[in-house]
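One-letter residues, chain by chain:
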Amino acid sequence: MCEYTISPSKINKINGVLNYIYLLTTLFCKRNHYEKIHFIWSVFLLIELPFFLVLKRKIIFTYHNDVPHSYPQKRYFPYLLIMKIAKKIVFVSNYTQRNFINNYGEHKYNFLLQHGVMPIGGVQASAVNKVTAVEKKIIFWGRVEEYKGVDLFDNYKLTVPIEIHGKWSKTLVPLKTLLSKKNSIYVIDRYLSTKELTDLISRNVVFILPYKDATQSGVLYTLLAYGKVFISSDVGENNEFLIKHGLKKLIFDRDNEESVLNAVRYAIENYMDIQGKMLAIRNEYSWEAILTNRVVSELYDE
């Protein structure tokens, strides 16, 4: 098995693109060894398109969102093109599947594979389960993009200290500068090491997902892997997850300061009870529960 480093958190963009071309070239040369080739993301469609067209009978493609983040239209042409080419398409949530079908129409082979927990490599869930004391802090973790909604921290004073951990988009440098000047906000602008992530996820704080328009977030499933308490804006899969599991009081309206403050207050005051619920809920999202033999057979054998 070969591995190719592609992520910008691990390698510069030029070498990442070159590695991706090597990956596709290797897959093409060994195409007769595979019955199915499953793409979890589209990295660079112009590079992928010839590969997809030649091997379309083998291509399975997973959609995490119905359009790219912050895209203003309901349909994104590259996603439509991939839908037309792929043998089977997969969705990671009911929310994404419902929106996609409403906007693009049905594919002959739609498949719903609920996203599962995403623990950090090498960090055991049992290591961060026990609550001894709750820090009255709000933490945002993840790459900081416009759609992630960290401008919320400039709009409102949340009454507790705030920490923002993650690599910032260059377009948000003015906002970063502004927030960094506030005494109640601590900003780290870089990709975190595994040790830093371990330390961060081990803290008993309230995490926040203040997203503006995201349909689904991997951060949710990392937090869930460790039973962490989080509050979320009322958009996308994050919102539907909390509603589904009876945690509506952790949802806030970005345009309503009192709604945000109420969610913060509720999360802190009921931290241990909420964490207990999160620890129970995560069993439903374990990959052992999701990727059963029947599911794997339905996905790849048909």
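Please refer to the structure higher up on the page.
Parameters at a glance
- Residues numbered from 1 in each chain as written.
- Predicted model: local features only at pLDDT ≥ 70, side-chain atom pairs only at ≥ 80, totals over all residues.
- Heavy atoms only, no water.
- Pairing = 2+ DSSP bridges.
- Helix = DSSP H or I, 4+ residues; strand = E, 2+ residues; numbered from the N terminus.
- Axes fitted to C-alpha atoms, helices over the stretch in contact; angles between N-to-C directions.
- Contact = heavy atoms within 4.5 Å.
- Buried < 20%, exposed > 50% of the residue type's maximum accessible area, 1.4 Å probe, protein only.
- Polar contact = N/O pair within 3.5 Å; in protein donor to acceptor, adjacent residues only side chain to side chain.

Within a sheet, neighbouring strands are paired by backbone hydrogen bonds and run either parallel or antiparallel to one another. The strand order 1-2-3-4 describes an open sheet built from four strands, whose pairing is parallel. A strand with exactly one partner marks an edge of an open sheet, and here the two such strands are strand 1 (37-39) and strand 4 (110-112). In this sheet, neighbouring strand axes are inclined to one another by 25 degrees on average, regardless of whether the strands run parallel or antiparallel. Against the sheet, helix 4 (residues 94-104) engages strand 2 (59-63), strand 3 (88-91) and strand 4, with an angle of about 160 degrees to strand 4.

What follows is about the sheet that holds strand 10 (residues 251-252). Overall, parallel pairing links the six strands, which are arranged 7-6-5-8-9-10 in an open sheet. Every other strand in the sheet has two partners, leaving strand 7 (185-188) and strand 10 as the edge strands with one partner each. Relative to strand 6 (residues 162-165), strand 5 (residues 138-141) runs parallel, the two being bridged by four bridges. When the sheet's bridge partners are listed, Ile138 is paired in strand 6 with Ile162. Packing against the sheet, helix 8 (residues 218-225) makes contact with strand 5, strand 8 (206-209) and strand 9 (230-233), and its axis sits at approximately 160 degrees to strand 8.

The next subject is the environment of Phe111. Structurally, Phe111 is set in strand 4. Given a relative accessible area of 11%, Phe111 falls into the buried group. Phe111 sits 188 residues away from Leu299 along the chain, and the two C-alpha atoms are 7.3 Å apart. Leave out the neighbours within four places in its chain, and Phe111 touches Lys88, Ile89, Val90, Phe91, Gln97, Val295, Glu298 and Leu299.

Attention shifts here to unusual backbone geometry. Look at Thr159: it is not a glycine, yet its phi comes out positive at around 70 degrees. By the secondary structure assignment, Thr159 is in the loop between helix 5 (152-155) and strand 6.

Topologically, His107 is positioned in the loop between helix 4 and strand 4. In this structure the side chain of His107 is engaged in a polar contact, spanning 3.2 Å, whose partner is the backbone oxygen of Met83. In this structure the side chain of His107 is engaged in a polar contact, spanning 2.9 Å, whose partner is the backbone oxygen of Ala86. In this view, His107 contacts Met83, Ala86, Lys87, Lys88 and Ile89; residues no more than four positions away in its chain are not counted.

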